[in-house]
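Breakdown of the fold
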Amino acid sequence: MAAGYLDVLRARHAARLLAGTLVGRLPNGTAHIALVLFTRAEGGSYTLAGALAAVYGLATAVGQPLLGRAVDLYGQPRVQLPAAVLSALAMSLLALTGLGSLPQAAVAVAVAGLATPPLEGGLRALWPSVLEREDRVHRAYALDAVAQEVMFTVGPLLVTALVALWSPAAALLVVNAVGVLGALSVVLSEPSRTWRSAPREAHWLGALRSPGLRVLLGAFFFVGLALGSITVAGVAYADDHGREAVYGWLMAALGLGALIGGLGYGARRWAAPPERQLRVIVALLALGYLPLALTPPVPAMTALAALAGVFLAPAIACSFIVVDRHAPRGTVTEAFSWLVTTFGVGAAAGTAAAGPAVELGSTAWSFGVAGAGGAAALAVLLATGRVLAAPRRTPGAAVKSENDRNGAVEPGFSTAPEA
């Protein structure tokens, strides 16, 4: 298993691109917990914390596809780095001025979200030209998903450590400064500087003209909702047990489960089409979220969190492959950015819903939001099975594109080597 992943990481530029993207995404990956802790430290309620996190998530949802389309049109360096700097400056303004003026705080959070650079979509656009073979690209998707879950584990731990050592405001400043350095590392790399999108058909819907992609996005809205609700639910659970460290344990358990599941998924080739795989994986993911609403004592809850995480990274990795197969030619960054968008909107909705669930009901209710999100994602995939069928290739549609091999086939992408 390890040999296949080492083969990916030994490819020229691969390790740098993966590491730089993960570091660059740190502000986005930790924004929800950072905003919750910052708001609570400033004397705000869980509802206000959830509202600010929702503003950030919704703003990110708007900005990601727009910036992703700009990357497809103008290249990565011209978009990614300026966006990262603007986002960091906006979040720094919030950290330095606090919540004294709620409208100003909301605007700062909105600008930070709008300007979040589409590094995720950019990385997945680069993998085919860097790795060249289909099996290595698919393994890179799994590695990407695993690394993302590690970031979602390490990131909150870093934030909580910075909060404990300094303050929530310092955590916001440090995390966003580090994020700019990560984006800088990516855009200075040769693959990022030389990448160009394949020619695209002019259409106002862009990547969204693919029905299969729209179905996938609908399902992953609810996956995001489940994950977003766990952020607030985990903090509330830690408060109930009187120890802030409990939150870190729960997030670490989720990350460990995702690490195990993602590495196992990417280590082998699966015979079933990715669309069918995704339905099975999301069903298991939903089953993993439901027991969290029991809120047992900390040891059992930590074990349940690890179990819930096992199928998250495989679901994300499989979704990358499905996006790759369904997105129209020349929209590779935009298509992956739409996945980030819907996931972010779902996470914002889950965060916003979990806050009132804690205050009006209990911590168990907030974890119930996660279970409901997983069940809804499965329902979407089951109800639209025919739409999310394997895309048909159009004979004679292949065109060579040195820097965007994903854009070689219409209506779906193929990462298979060209003859």
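Structural data are supplied above this passage.
Residues numbered from 1 in each chain as written. Predicted model: local features only at pLDDT ≥ 70, side-chain atom pairs only at ≥ 80, totals over all residues. Heavy atoms only, no water.

1. Some thoughts on empty space enclosed by the protein
Sizing a probe to match a water molecule and rolling it over the atoms shows the empty space that remains. Summed over all chains, the structure comprises 4 cavities of 30 Å³ or more. Quantified by volume, the largest cavity comes out at close to 590 Å³. In this structure, the largest cavity is lined by 37 residues; those nearest its centre are Gly29, Phe152, Leu227, Phe343 and Ala347. Broken down by secondary-structure element, the contributors of at least two residues to the lining of the largest cavity are helix H3 (26-41), helix H4 (46-74), helix H7 (119-131), helix H8 (134-165), helix H11 (211-240), helix H12 (245-266), helix H15 (312-326) and helix H16 (332-360). By residue class, the composition of the lining of the largest cavity is 19 nonpolar, 14 polar and 4 charged. Estimates place the volume of the second largest cavity at around 160 Å³. Lining the second largest cavity are 20 residues; nearest its centre among them are Gly24, Pro27, Asn28, Thr116 and Pro117. (1 Å grid on protein atoms, 1.4 Å probe; cavity = no way out; pocket = protein on both sides within 12 Å on 5 of 7 lines; lining within 4 Å. Points joined across faces, edges and corners; volume = space filled by probe spheres on them. Helix = DSSP H or I, 4+ residues; strand = E, 2+ residues; numbered from the N terminus. Nonpolar A, V, L, I, M, F, W, Y, C, P; charged D, E, K, R; others polar.)

2. What to know about the packing of aromatic side chains
Per the counting criterion, the structure on display carries 7 aromatic pairs. Ring centres of Tyr141 and Phe320 lie 5.8 Å apart, and the angle between their planes is 70 degrees; on these two criteria the pair is classed as edge-to-face. Taken together, the residues span a long stretch of sequence, with Tyr141 in helix H8 and Phe320 in helix H15 at a distance of 179 residues. Judged by its relative accessible area of 0%, Tyr141 falls in the buried class. Looking at Phe320, the relative accessible area reads 1%, which means it is buried. With a centroid separation of 5.8 Å and an interplanar angle of 15 degrees, the aromatic rings of Tyr265 and Trp270 are classed as stacked. With relative accessibility at 39%, the residue Trp270 sits in the partly exposed group. (Phe/Tyr/Trp six-rings, centres within 6.5 Å; stacked < 30°, edge-to-face > 60°. Buried < 20%, exposed > 50% of the residue type's maximum accessible area, 1.4 Å probe, protein only.)

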